[in-house]
Amino acid sequence: MAGVFLGELALHLGGIKGLKKPSEPVSFEIYRLDDPAGAWSLNPGASFEWQGEGERSFIHANKDGLREREHTKEKPPKTFRIAVVGDSFAEALQVPMEKTFWWKMRKQLNKKCTALSDRKVEVINFGVQGYGTAQELMTLRHKVWKYSPDLVILAFFPGNDLINNSKKLEFYKRRPYFVYKNGELVPDM
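Residues numbered from 1 in each chain as written. Predicted model: local features only at pLDDT ≥ 70, side-chain atom pairs only at ≥ 80, totals over all residues. Heavy atoms only, no water.

Engineer: So what's going on with helix α4 (residues 133-142)? Residues and values would help.
Structural biologist: Within α4, the full set of buried residues consists of Ala134, Gln135, Glu136, Met138, Thr139 and Leu140. Against the buried residues of α4 lie β2 (39-42), β5 (79-86), β7 (151-155) and β8 (177-181). (Buried < 20%, exposed > 50% of the residue type's maximum accessible area, 1.4 Å probe, protein only. Helix = DSSP H or I, 4+ residues; strand = E, 2+ residues; numbered from the N terminus. Contact = heavy atoms within 4.5 Å.)

Engineer: Give me the lowdown on the pairing of strand β9 (residues 184-188), citing residues and values where you can.
Structural biologist: Judged from the five bridges that link them, β8 and β9 form a sheet pairing that is antiparallel. By the bridge assignment for β9, Tyr180 is matched with Leu185. Between the end of β8 and the start of β9, which pair antiparallel, lie two residues, with Asn182 showing a positive phi angle near 50°. (Pairing = 2+ DSSP bridges.)

Engineer: An account of the packing of aromatic side chains is needed here, citing residue identities and associated values.
Structural biologist: By the definition in use, this model includes three aromatic pairs. Measuring from centroid to centroid gives 5.5 Å for Phe126 and Tyr147, while their planes differ by 70°, and the two rings are edge-to-face. Remark: Tyr147 occurs in the loop between α4 and β7 and Phe126 occurs in the loop between β6 (120-125) and α4; sequence separation between them is 21 residues. Tyr147 carries the same exposure label as Phe126, and that label is buried. One Lys or Arg, Arg106, reaches over the ring of Trp103 and ends 4.5 Å from the middle of that ring. (Phe/Tyr/Trp six-rings, centres within 6.5 Å; stacked < 30°, edge-to-face > 60°. Lys NZ or Arg CZ within 6 Å of the ring centre and 35° of its normal.)

Engineer: So what about the pattern of salt bridges? Which residues, and what values?
Structural biologist: The final tally for this structure, using the stated rule, is seven salt bridges. Close ionic contact of Lys78 with Asp118 constitutes a salt bridge, the shortest N to O distance being 2.8 Å. Of this pair, Lys78 sits in the loop between β4 (57-60) and β5 while Asp118 sits in the loop between α3 (101-112) and β6, and the two are 40 residues apart along the sequence. For the residue pair Lys78 and Asp118, the accessibility class agrees, reading exposed in each case. Close ionic contact of Glu122 with Arg81 constitutes a salt bridge, the shortest N to O distance being 2.5 Å. Of this pair, Glu122 sits in strand β6 while Arg81 is found in strand β5, placing the two residues 41 residues apart along the sequence. Glu122 sits in the buried class, given a relative accessible area of 6%. A relative accessible area of 0% places Arg81 in the buried class. In the salt-bridge network here, residues are joined through shared partners; they are Lys63, Asp64, Glu70 and Lys73. (Salt bridge = Lys/Arg side-chain N within 4 Å of Asp/Glu carboxyl O.)

Engineer: Provide a residue-level description of the nonpolar core, including the pertinent values.
Structural biologist: Ile30, Tyr31, Trp40, Leu42, Ala46, Phe48, Trp50, Ile59, Ala61, Leu93, Val128 and Tyr131 form the largest nonpolar core, which has 12 residues in total. Sorting the residues of this core by element identifies β2 and β3 (47-50) as the ones contributing at least two each. If you look at the next biggest cluster of nonpolar residues, it comprises 11 residues, including Val84, Ala90, Trp102 and Val123. (Core = buried A, V, L, I, M, F, W, Y, C linked by side-chain atoms within 4.5 Å.)

Engineer: A description of the sheet that holds β6 should follow, citing residues and the corresponding values.
Structural biologist: Strand pairing in a sheet takes place through backbone hydrogen bonds and is either antiparallel or parallel in direction. Across the sheet, three strands lie side by side as β6-β5-β7; this open sheet has parallel pairing. Two strands bound the open sheet, and with one partner strand each, they are β6 and β7. Strand-to-strand twist across the sheet, computed as the mean angle between neighbouring axes with direction ignored, equals 20°. Pairing analysis gives six bridges linking β5 to β6, with the strands arranged parallel. Within the sheet, the bridge partner assigned to Arg81 lies in β6 and is Glu122. Strand contacts of α3: β5, β6 and β7, with the helix running at about 175° to β6, the strand carrying the most contacts. (Axes fitted to C-alpha atoms, helices over the stretch in contact; angles between N-to-C directions.)

Written as structure tokens, this is what we have:
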């Protein structure tokens, strides 16, 4: 215990702060590693302060482990629902939620999109850092469809998303992949 305290003190004095739950000890249990949809995801209800790369931001995962506010699975009447699937660019721990592209997209569409008439736009973020499109496909199948989206947007980053889908190129092998077998994509765990 004294070692943890001294380590935290040294990091704090050096200007490097850990991930903290508000008014609670440091917690590194923010991700669950057994998510059937993609191998890992935020723990449902996890709350912590991000002080790493980017801006300082408070992160809260909703009851479904999404970096999002709460949403009902049943789509409210007169709602156009958009699901965003992606990696760290979509999860966007590095910025406050109000500065994420999906938060701003919802606000702008509700304000300026006349094509949707009287429907309210709701955007739900399913992004998780480190995901490749194989995990994003699993997220789509296991989580996204339960929310009945009208539109699904894949936030694709060619800088690493192609590598994340190849066992030969990816250095982190403990992720799901898909292989093409007998005319269909089959999970390769």
